[in-house]
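If you want the building blocks of each chain, they are given just below.
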Amino acid sequence: MTTDQRLALEFCGMRFATPLVLLSGCVGFGEEYTRVEGFANAEAGAVCLKGTTLAPRLGNPAHRVYETPGGMLNAIGLQNPGARAVVDTILPTLDFAETRFIANVSGSTVEEYEEVTRIFDDSPIDAIEINISCPNVKEGGVTFGNDPDMSARVVAACRRATKKPLITKLSPNQTDIAANARRCIEAGTDGFAVINTLMGMAIDIEQRRPVLGNNQGGLSGPAIKPVAVFRTFQVAQVARPHGIPIIGQGGVTSAADAIEFLLAGATAVGVGTGLFYDPLLLASINAGILDYLDRHGFAQVSDLTGALRLNGA
Ligand SMILES: Cc1cc2nc3c(=O)[nH]c(=O)nc-3n(C[C@H](O)[C@H](O)[C@H](O)COP(=O)(O)O)c2cc1C
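All of the points below concern the structure found in this document. This is a predicted model, so every value here is computed, not measured.

## Some details on the packing of helix H6 (residues 177–186) against helix H7 (residues 225–239)
Taken N-terminus to C-terminus, the directions of H6 and H7 make an angle of 40°; their axes are 9 Å apart at the nearest point. It follows that H6 is oblique to H7 by the angle criterion. Crossing handedness for the pair H6 and H7: right-handed. From H6, Ile 177, Ala 178, Ala 181, Arg 182 and Ile 185 reach across to H7, where they touch Arg 231, Gln 234, Val 235, Val 238 and Ala 239.

## Let's talk about the pattern of salt bridges
Scanning the entire structure with this criterion turns up 11 salt bridges. With a shortest N-O distance of 3.3 Å, Arg 84 and Asp 88 are connected by a salt bridge. With Arg 84 and Asp 88 both in helix H2 (residues 83–90), this residue pair falls four residues apart, about one helical turn. On the accessibility criterion, Arg 84 (44% relative accessible area) is partly exposed. As a salt-bridge pair, Asp 126 and Arg 100 come within 3.1 Å of each other at their nearest N and O atoms. Separated by 26 residues along the polypeptide, Asp 126 in the loop between helix H3 (110–121) and strand S8 (127–131) and Arg 100 in strand S7 (residues 100–105) bring together distant segments of the chain. Take Asp 126 and Arg 100: they sit in the same class, and that class is buried. A cluster of three or more residues bridged by salt bridges with shared partners is formed by Asp 4, Arg 6 and Asp 294.

## Some details on the sheet that holds strand S5 (residues 65–68)
The strand order S5-S6-S14-S11 describes an open sheet built from four strands, whose pairing is antiparallel. This sheet does not close on itself; its edge strands, each paired only once, are S5 and strand S11 (198–200). When strand polarity is set aside, the average angle formed by the axes of neighbouring strands in this sheet is 35°. The pairing of S11 with strand S14 (residues 217–220) spans three bridges and is classified as antiparallel. Bridge pairing links Gly 200 to Gly 217 in S14.

## Some points on the site of the ligand
Surrounding the ligand, one finds 21 residues, the nearest of these being Ser 24, Gly 221, Gln 249, Gly 251 and Thr 273. At a separation of 2.8 Å, an oxygen atom of the ligand approaches a polar side-chain atom of Gln 249. Bound to the protein, the ligand loses 97% of the 620 Å² it would expose on its own. Taken together, the residues that form the shell around the ligand break down as four nonpolar, 15 polar and two charged.

## Quick look at the pairing of S14
For strand S6 (residues 71–74) and S14, the ladder comprises three bridges, and the chain directions are antiparallel. Across the sheet, residue Leu 73 finds its bridge partner in S14, namely Leu 219.

## Thoughts on the packing of aromatic side chains
Evaluation of the coordinates by the stated rule reveals three aromatic pairs. Between the aromatic rings of Phe 11 and Phe 16, the centroid separation amounts to 5.3 Å while the plane-to-plane angle is 10°, which identifies the pairing as stacked. An angle of 65° between the planes, with centres 5.0 Å apart, marks the rings of Phe 96 and Phe 101 as edge-to-face. For Phe 96, a relative accessible area of 21% puts it in the partly exposed group. Overall, the relative accessible area of 2% leaves Phe 101 in the buried class.

## A short note on the sheet that holds S7
Each strand in a sheet pairs with its neighbour through backbone hydrogen bonds, running either in the same direction (parallel) or in the opposite one (antiparallel). Pairing in this closed barrel of eight strands is parallel, and the strands run S3-S4-S7-S8-S9-S10-S15-S16 around the ring. Each neighbouring strand pair of the sheet contributes to a mean axis angle of 30°, computed without reference to strand direction. As paired elements, S7 and S8 share four bridges and run parallel to each other. Directly across from Ile 102, in S8, lies its bridge partner Ala 127. Its contacts with the sheet put helix H10 (residues 281–296) on strand S3 (20–22) and strand S16 (268–271), and the angle it makes with S3 is roughly 165°.

## A word on H6
Because the α-helix completes a turn every 3.6 residues, residues three or four places apart line up on one side. By the burial criterion, the buried members of H6 are Ile 177, Ala 178, Asn 180, Ala 181, Cys 184 and Ile 185. Angular distribution of buried residues about the axis of H6 spans 155°; they occupy a single face of the element. Among the structural elements, helix H4 (142–145), helix H5 (148–161), strand S9 (166–169), strand S10 (191–194) and H7 are those in contact with the buried residues of H6. Two residues or fewer after H6 comes Gly 188, characterised by a positive phi angle close to 110°.

Cut-offs and rules
Residues numbered from 1 in each chain as written. Predicted model: local features only at pLDDT ≥ 70, side-chain atom pairs only at ≥ 80, totals over all residues. Heavy atoms only, no water. Axes fitted to C-alpha atoms, helices over the stretch in contact; angles between N-to-C directions. Helix = DSSP H or I, 4+ residues; strand = E, 2+ residues; numbered from the N terminus. Parallel < 35°, antiparallel > 145°, perpendicular 65-115°, else oblique. Left-handed = near helix turned anticlockwise from the far one by under 90°. Contact = heavy atoms within 4.5 Å. Salt bridge = Lys/Arg side-chain N within 4 Å of Asp/Glu carboxyl O. Buried < 20%, exposed > 50% of the residue type's maximum accessible area, 1.4 Å probe, protein only. Pairing = 2+ DSSP bridges. Near = heavy atom within 4 Å. Polar contact = N/O pair within 3.5 Å; in protein donor to acceptor, adjacent residues only side chain to side chain. Areas by Shrake-Rupley, 256 points an atom, 1.4 Å probe, with all protein chains shown as cover. Nonpolar A, V, L, I, M, F, W, Y, C, P; charged D, E, K, R; others polar. Phe/Tyr/Trp six-rings, centres within 6.5 Å; stacked < 30°, edge-to-face > 60°. Arc of directions from axis to C-beta.

Structure follows, in structure tokens:
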């Protein structure tokens, strides 16, 4: 299947067939998703694989997910078979013909991030996303991502380990996301993913216990979209002058949602939790974007990036 050329774009030197990216943790290691009847790989510009660490991880105790108004809380705890197994047994099963695959790298120490990146560097993976924003692990993750010095150290270490495109996934749980983005640019990131989940908690009042086995988790889905659009807008102000692209994400379930992120300054748009509502969402979002291009006289989806008209400007 071929998609409309107006949807194609360049992201960190890669060609995406469409602006849509399947988000980490929502599609397993790619293979889980391509099994869905009626799904076409070509609808996705790229697929982000599940967060991967050096050693295998079993993840957190149940419950790991909990539906909330307009979204969900999750605390999976980075369950994965370890970087070596992903490279040796999973990557060979993926079909690279129509879409790009992006590894999602995590660690408890700066050295672990570097080592996992090095393992993926020596593999067919197209790009590497650095997850310094996972709220569901005790060490690393969001504790690194909320500290600009640590964020920069992790990015610099991963930069030493690969020449492949590096995409830094930023946390919304921090005071000054733009300042952090600036530090990551200096440290050598090629792109950004904005945002990861917001930290949250749900309580079972009868048991007087948090619902999630991990007590706290990450909030995703439509409930976080306005926060995510604003964070994308803030990061775009510092990233776009350097030609650094953003995968905007958080709560996308429609073409209108995706277009908001593009106008705010994103080059591509991620879809995660929305897939749990409708696994075939990508086709309707792509069709809706094409309709918008026609109605507003834009030639290419890339013309929408940052095309926001600010009030009072
Ligand atoms: C069940 C689940 C697991 C996730 N696992 C990861 C992960 O391993 N690495 C990561 O960077 N983000 C992970 N995320 C965050 C998503 O990739 C995405 O950034 C976030 O959910 C916001 O997008 P959405 O509202 O469209 O889901 C996970 C999200 C969910 C819902």
